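The lines below spell out each chain.
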Amino acid sequence: MANGQWYPAEWPDRIRALAAGTLTPVTPKRAATVMLLKDTGTGPAVHMLRRRASMAFAAGAYAYPGGGVDPRDDEHHVGWAGPTRAWWAERLGVDETAAQAIVCAAVRETYEEAGVLLAGPTPDSVVGDTTGPDWEADRAALVARDLSFAEFLDRRGLVLRSDLLGAWTRWITPEFEARRYDTWFFVAALPEGQRTRNASTEADRTVWIRPAEAAASYDKGELLMMPPTIATLRQLTAYGTAAEALASAPDRDLTPVLAQARLEGDEIVLAWPGHDEFTKHIPTGGAPA
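The following refers to the structure shown. (Residues numbered from 1 in each chain as written. Predicted model: local features only at pLDDT ≥ 70, side-chain atom pairs only at ≥ 80, totals over all residues. Heavy atoms only, no water.)

1. Details of the pattern of salt bridges
Opposite charge on two side chains allows them to pair when their charged atoms are near.
Point 1. What the rule picks out here adds up to 17 salt bridges.
Point 2. Note that D134 and R156 form a salt bridge whose closest N and O atoms lie 3.5 Å from each other. Note that D134 is positioned in helix α5 (residues 133–143) and R156 in helix α6 (residues 149–156), a separation of 22 residues in sequence.
Point 3. Owing to a relative accessible area of 25%, R156 belongs among the partly exposed residues under this scheme. (Salt bridge = Lys/Arg side-chain N within 4 Å of Asp/Glu carboxyl O. Helix = DSSP H or I, 4+ residues; strand = E, 2+ residues; numbered from the N terminus. Buried < 20%, exposed > 50% of the residue type's maximum accessible area, 1.4 Å probe, protein only.)

See below:
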């Protein structure tokens, strides 16, 4: 491949089946992912992890910390600071219950996979070092779903700092994919006193890397990424600090990006609206061009 675009071998057959009406799309699961930034002498760096080769979805691809919504994030009242649930509902284009769940997923998954917690004992404070054994025990319980995020916050007397997040973009996995996610991408700055670590069982490597450097490595075919990952990296290159990126988030368009596959003559054209670089032309009997 000319670049590092993630392209599963089974996609052409699944696209043809969708076009023929023999494939029924699965309902996407709600998910959230966070582009965690920290300032360096040459601009902000973003925290990325490489998914293990054994993973069923996007194996070997670089991504951000994130994952699916825990149903309990809908059901339990969560200690909350920052913009209200109603504000987030309008921003994310969902109802208040779903908005809470999506924001909770963003904060919880960042803690589960990177050890960074966007929460504090008061609405204007944030926790410091979270690497002690007692913190690790709670993190493991969250991962195992033995502990809900609401229970975790309540036990520690913390409130979720929704003001530390900015909603950036929204991508929905193509209809022909076997595993589908409706994913909201957020941006956040690494809180002072905290540090990232590879806490995820799904990743074999983590890096802090400048968006422009990561994008250049993708272009050379050195780093494998899914379309939304490289698209957001390119968007982040415009900002000189983490604060600048976070400040720009409220003005960003959250219209979902969903790949479209259409038949044109003897080929299938796969395209992501607004992102021409990912367009693929797939001969009806061959590999993508």
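2. Remarks on the sheet that holds strand β14 (residues 275–283)
Point 1. Taken together, three strands build an open sheet; the order of strands is β12-β13-β14 and the sheet is antiparallel. Two strands close off the open sheet at either side, each with one partner strand: β12 (260–264) and β14. Shown here is a sheet whose adjacent strand axes are inclined to one another by a mean of 25°, direction ignored.
Point 2. Strands in contact with helix α8 (residues 227–236) are β13 (267–272) and β14; relative to β14, the strand with the most contacts, it is inclined by about 155°. (Pairing = 2+ DSSP bridges. Axes fitted to C-alpha atoms, helices over the stretch in contact; angles between N-to-C directions. Contact = heavy atoms within 4.5 Å.)

3. Observations concerning the sheet that holds strand β7 (residues 159–161)
Point 1. One open sheet accounts for three strands, arranged β5-β7-β6; its pairing is mixed. Each edge of the open sheet carries a strand with a single partner, namely β5 (80–81) and β6 (119–120).
Point 2. By the bridge criterion, two bridges tie β5 to β7 in an arrangement that is parallel. Bridging from a neighbouring strand, A81 pairs with R161 of β7.

4. Notes on the nonpolar core
Grouped burial of nonpolar side chains is what soluble globular proteins tend to show.
Point 1. L92, L117, L165 and F186 are the most contacted members of the largest nonpolar core, which totals 39 residues.
Point 2. Among the elements of the structure, β1 (29–40), α3 (85–92), α4 (96–114), α5, α6 and β9 (181–189) are those that each provide at least two residues to this core.
Point 3. Sort the elements by how many residues they give to this core and α4 lands first, with nine residues.
Point 4. Apart from residues lying up to four places away in sequence, L165 is in contact with V34, W88, V103, A106, V107, L118, F186, V187, A188 and L246.
Point 5. Counting 36 residues, the second largest nonpolar core, distinct from the first, contains M48, A249, A259 and I282. (Core = buried A, V, L, I, M, F, W, Y, C linked by side-chain atoms within 4.5 Å.)

5. A short note on the environment of E109
Point 1. Along the chain, E109 turns up in helix α4.
Point 2. Measuring from C-alpha to C-alpha, the distance between E109 and V34 comes to 8.4 Å, with 75 residues separating the pair along the chain.
Point 3. Not counting residues within four places of it along the chain, the set of residues in contact with E109 comprises P65, G66, G67, G68, A114 and R145.
Point 4. Side chain to side chain, E109 and R108 meet in a polar contact 3.1 Å long. (Polar contact = N/O pair within 3.5 Å; in protein donor to acceptor, adjacent residues only side chain to side chain.)

6. A short note on the pairing of β13
Point 1. Within β13, five of the six residues are buried, which leaves it mostly tucked inside the rest of the structure.
Point 2. Where β12 lies against β13, five bridges are found, and the strand directions are antiparallel. Among the inter-strand pairings, Q260 is bridged to a residue of β13, identified as A271.
Point 3. Adjacent in sequence and paired antiparallel, β12 and β13 are bridged by two residues, among which G265 carries a positive phi angle near 65°.
Point 4. The sheet contact formed by β13 and β14 spans five bridges and is antiparallel. What sits directly across from W272, in β14, is H275.
Point 5. Remark: two residues form the turn of the hairpin made by β13 and β14, two consecutive strands paired antiparallel; G274 in that turn has positive phi of roughly 85°.

7. Description of the pairing of β1
Point 1. Looking at chain direction, β1 and β9 are connected through nine bridges and run parallel. Paired with R30 across the strands is D182, a residue of β9.
Point 2. Bridge count between β1 and strand β4 (residues 66–68): three bridges; the pairing is antiparallel. Bridging from a neighbouring strand, A31 pairs with G68 of β4.
Point 3. Direction of pairing for β1 relative to strand β2 (residues 43–51): antiparallel, over a ladder of four bridges.

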